[in-house]
Amino acid sequence: MTEPAFTLDPRLSADTAEVGDLAVCRVLLMDDARFPWLILVPRRPDLCEITDLSEADAAALWQEIRLATGVMQALSKPDKVNVGALGNVVAQLHVHVIGRFRSDPAWPGPVWGFETRKPYPPHARAQLLERAGALFSAA
């Protein structure tokens, strides 16, 4: 019996651009110019909770969260990096790594549900994806 293949939730796919793949996670850039925002999605089928991961994958996820946090710090120089896994709207296990600034429009509150997402201009998104990819490769 073959294991089901990993597929990205269509809502994540619609709101993000792909940065690349790490050992366990697909790295996505949230297409919202108001906040620098990465999303890590373990490339394993049918996961909802971190506890659904094997012990080895859970340890690797933690290392990839640490890596993504470092990339976010280098990418945007935020005042704070927020990390969270909510899954109330998109059940597929995914982890948000969000650069926050005291000057951002949602500070100090959460970014979820704050006004309407503002997509990046295509050229700015392409530059950010290239820079984020280079930072992950160099890490």
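Residues numbered from 1 in each chain as written. Predicted model: local features only at pLDDT ≥ 70, side-chain atom pairs only at ≥ 80, totals over all residues. Heavy atoms only, no water.

- Looking at an unreviewed UniProt entry, one finds the chain named Histidine triad (HIT) protein and attributed to Methylobacterium oryzae CBMB20.

## Points about the pairing of strand β2 (residues 25-30)
Okay, step 1: Of all six residues making up β2, six are buried, and the element is well covered by its neighbours.
Okay, step 2: Neither face of β2 is left uncovered, since the one carrying Cys-25, Val-27 and Leu-29 and the one carrying Arg-26, Leu-28 and Met-30 both have all their residues buried.
Okay, step 3: With five bridges connecting them, strand β1 (residues 16-21) and β2 associate as antiparallel partners. In the strand pairing of β2, Glu-18 is matched with Leu-28.
Okay, step 4: Between β2 and the antiparallel strand that follows it, strand β3 (residues 37-42), lie six residues. (Buried < 20%, exposed > 50% of the residue type's maximum accessible area, 1.4 Å probe, protein only. Helix = DSSP H or I, 4+ residues; strand = E, 2+ residues; numbered from the N terminus. Pairing = 2+ DSSP bridges.)

## Examining the UniProt feature "domain: HIT" (unreviewed entry) in the chain
Okay, step 1: Mapped onto this structure's residue numbering, the UniProt feature "domain: HIT" (unreviewed entry) falls at residues 38-107.
Okay, step 2: The span residues 38-107 shows a helical share of 31% and a strand share of 23%, and its end C-alpha atoms are spaced 18 Å apart. (UniProt positions renumbered as here; feature names shortened; annotations may be inferred.)

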